[in-house]
Amino acid sequence: MDKEETFTIQKRRGLIVWVYSLKQLKNLRRYGFVHYVSQKMKYVVLYVNEEDMEKSIEKLNRLHFVRSVDISHRPDIDMNFAEKIGTKAAFQVQEDIEEDDSNEQ
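In every chain, residue numbers begin from 1 and rise along the written sequence. At least 70 in pLDDT is required for a residue's local features to be given in this predicted model, at least 80 for side-chain atom pairs to be given and counted, and no such filter applies to totals for whole chains, interfaces and linings, which use all residues. Note that water and hydrogens are dropped before the side-chain values are worked out from all heavy atoms of the structure.

(A) Representation of the overall build of the protein chain within the structure. Secondary structure is summarised from DSSP: a helix means a run of H or I of at least four residues, a strand means a run of E of at least two, and numbering begins at the N terminus for each. If you tally the helices and strands in the protein chain, you get 4 helices and 4 strands. In sequence order, the protein chain lays out its α and β elements as β-α-β-β-α-β-α-α. Looking at the protein chain as a whole, 21% of its 105 residues are labelled buried. Contacts are assigned to residue pairs that have any heavy atoms within 4.5 Å of one another. In the protein chain, the proportion of contacts linking residues at least 24 apart, taken out of those at least 6 apart, comes to 64%. Each residue is placed in one exposure class: buried if its accessible area under a 1.4 Å probe, protein chains only, is under 20% of its type's maximum, exposed if it is over 50%, and partly exposed if it falls in between.

Pasting the structure below:
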């Protein structure tokens, strides 16, 4: 127990698997983690490791009950919006609201 084990975060990617039927849902569990199943629209959100993504997509497309596979683009999007909205502008709006409230009283 002298060795210190470090936890490394595994990069994952979401796949949207469109299916003809949900009867074979259990078969999809061997390809990744099933996060969500839409019974009405017949799709499954599946998370797979990014390094195995291409192989998984090929295997999923070969299955007879799979209509198509889409890749989630969320990791590609920059989620830092501070520069886009401007931090000063955000605070200015908040200050204007506080001033209006104090003037009304």
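(B) Region of the structure containing unusual backbone geometry. Look at Lys42: it is not a glycine, yet its phi comes out positive at around 60 degrees. Turning to its location among the elements, Lys42 is positioned in the loop between strand S2 (33-38) and strand S3 (43-49).

(C) Just the sheet that holds strand S1 (residues 12-19), in detail. Across the sheet, 4 strands lie side by side as S2-S3-S1-S4; this open sheet has antiparallel pairing. Edge positions in the sheet fall to S2 and strand S4 (66-71), since each has one partner strand and no second. The sheet shows a mean angle of 25 degrees between the axes of neighbouring strands, direction not considered. Pairing geometry for S1 and S3, over 7 bridges, is antiparallel. Residue pairing for S3: Leu15 is matched across the bridge by Leu46. Sitting on the sheet, helix H2 (residues 53-62) is in contact with S1, S3 and S4, with an inclination near 160 degrees to S4. For two strands to pair, DSSP has to find at least two bridges joining them. Throughout, an axis means a line fitted to C-alpha atoms (over the contacting stretch in the case of helices), and angles, computed between N-to-C directions, take values from 0 to 180 degrees.

(D) Region of interest: the side chain of Ser56. Its location among the elements puts Ser56 in helix H2. Under this definition, polar contacts are N or O atom pairs within 3.5 Å; protein pairs additionally need one hydrogen-donor-capable and one acceptor-capable atom, and for neighbouring residues in sequence, both atoms have to be side-chain atoms. Within the structure, the side chain of Ser56 is placed 2.9 Å from the backbone oxygen of Asp52, a separation counted as a polar contact. Once residues lying within four places of it in the same chain are set aside, the contact partners of Ser56 are Tyr31 and Val48.

(E) Inspection of the pattern of salt bridges at higher detail. Whenever a carboxyl oxygen of Asp or Glu lies within 4 Å of a side-chain nitrogen of Lys or Arg, that contact is scored as a salt bridge. With the rule as written, the count across this model stands at 3 salt bridges. In this structure, Arg13 and Asp76 form a salt bridge, with 3.3 Å as the shortest nitrogen-oxygen distance. Placement of Arg13 in strand S1 and of Asp76 in the loop between S4 and helix H3 (82-85) is noted, with a sequence separation of 63 residues between them. Judged by its relative accessible area of 10%, Arg13 is buried. One salt bridge connects Arg62 with Glu58, and the closest N-O pair in it is separated by 3.9 Å. Placement of the pair is Arg62 and Glu58 together in helix H2, with a separation of 4 residues, close to one helical turn. Exposure remark for Arg62: the relative accessible area of 66% places this residue in the exposed category.

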